[in-house]
Amino acid sequence: MEIRAATVLPARREPIELQTADGLTLVGELAQPLDRPPVATLVTLHPLPTHGGFMDSHVYKKAANRLPALADLAVLRFNTRGTSSERGTSGGAFDGGEGERFDVAAALEHAEFNDLPRVWVVGWSFGTELTLKWAHDPLVEGAILLSPPLHRATDDDLDAWARFGRPLVAMVPEFDDYLRPEEARRRFARVPQAEVIGVDGAKHLWVGEPYVRIVLNEIVRRVNPEAYPLPTDI
């Protein structure tokens, strides 16, 4: 059977709640392999909630639907403050990436408290800003950025990640609305361990199954290379 956009593979999926240091409850879901422990963990940070981003943004939903079964990964998704999805609405209100520092910390604390292994942060658009600003935590092995706009995240944040020293992979669409591969390579040059991957034909939202597969394969290639490349049929 071919893996299609709507394919949902078996996994242990449980609703979770995250408690932030400033007193909010955030809603989310943790998906893990069905009958074995995960080999690594993805903590996902979604696109801008004021422009439709949430924990179910399609790349992350498809990651949760496929990667526990295909790559033995745990996938933690959640709504940042003030964001709603089918899972519910997280407490608080959108804070432009500042108060969200507590949301990132709460997700990482949940991973640590539950002994989830080898945490990688995956940020998409606004989520890349949160990653660069707030995810340089000792628990984090590395980060993967999808469509980084480098709008709220400044050169100071890039310099902080350079000092952090953990791997940083930026996947930049050829036709991105905010930052395209050539400029991205120039901006990320100040992070010695950063790798910029330009993706031909892609746009900011990674619409289309071919681009979703590219993204998921690059994530798996970094986080669990033994599962790379992902199958297209099961």
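Anything mentioned here points back to the structure above.
Below is a short write-up of the structure. (Residues numbered from 1 in each chain as written. Predicted model: local features only at pLDDT ≥ 70, side-chain atom pairs only at ≥ 80, totals over all residues. Heavy atoms only, no water.)

Focus on the packing of aromatic side chains
And then number 1: Counted under the stated rule, the structure contains three aromatic pairs.
And then number 2: A ring pair is formed by Tyr60 and Trp124, whose centres lie 5.8 Å apart and whose planes are at 80 degrees; its orientation type is edge-to-face. Residue Tyr60 is located in helix H1 (residues 58-71), and its partner Trp124 is located in strand E7 (residues 119-124); the two are separated by 64 residues in the primary sequence.
And then number 3: Residue Tyr60 is classed as buried on the basis of its relative accessible area, which comes to 1%.
And then number 4: Taking the centre distance of 4.9 Å and the plane angle of 80 degrees together, the rings of Trp161 and Phe164 count as edge-to-face. Residue Trp161 and its partner Phe164 are both found in helix H4 (residues 155-164); the two are separated by three residues, about one turn of the helix. For the residue pair Trp161 and Phe164, the accessibility class agrees, reading buried in each case.
And then number 5: Over the ring of Tyr228 we find Arg221, and its NZ or CZ is 5.6 Å from the ring centre. (Phe/Tyr/Trp six-rings, centres within 6.5 Å; stacked < 30°, edge-to-face > 60°. Helix = DSSP H or I, 4+ residues; strand = E, 2+ residues; numbered from the N terminus. Buried < 20%, exposed > 50% of the residue type's maximum accessible area, 1.4 Å probe, protein only. Lys NZ or Arg CZ within 6 Å of the ring centre and 35° of its normal.)

What to know about the sheet that holds E7
And then number 1: Taken in spatial order, the eight strands line up as E1-E2-E4-E3-E7-E8-E9-E10 in an open sheet, and their pairing is mixed. Because the sheet does not close on itself, it has two edges, and the strands there are strand E1 (12-19) and strand E10 (194-199). Averaged over all pairs of adjacent strands, the angle between their axes in this sheet comes to 20 degrees, without regard to strand direction.
And then number 2: Bridge analysis of strand E2 (residues 25-32) against strand E4 (residues 73-78) gives four bridges, and the strand direction is antiparallel. Directly across from Gly28, in E4, lies its bridge partner Phe78.
And then number 3: Against the sheet, helix H3 (residues 126-134) engages strand E3 (40-45), E7, strand E8 (140-146) and strand E9 (168-173), with an angle of about 135 degrees to E7.
And then number 4: Sheet strands touched by helix H5 (residues 181-188): E8, E9 and E10. Its angle to E10, the strand with the most contacts, is close to 175 degrees. (Pairing = 2+ DSSP bridges. Axes fitted to C-alpha atoms, helices over the stretch in contact; angles between N-to-C directions. Contact = heavy atoms within 4.5 Å.)

Considerations on unusual backbone geometry
And then number 1: Residue Tyr228 is joined to Pro229 through a cis peptide bond whose omega torsion reads -5 degrees.
And then number 2: Among the structural elements, Pro229 can be located in the segment after helix H6 (209-223).
And then number 3: Here the phi dihedral of Asp72 falls at roughly 55 degrees; this positive angle occurs in a residue that is not glycine.
And then number 4: Considering the arrangement of structural elements, one finds Asp72 in the loop between H1 and E4.
And then number 5: A positive phi is found at Asp115, a non-glycine position, where the angle reads about 55 degrees.
And then number 6: With respect to the secondary-structure elements, Asp115 resides in the loop between helix H2 (100-113) and E7.
And then number 7: Residue class for Asp115 comes out exposed when judged on its relative accessible area of 67%.

The values are spatial; any link to function lies outside them.
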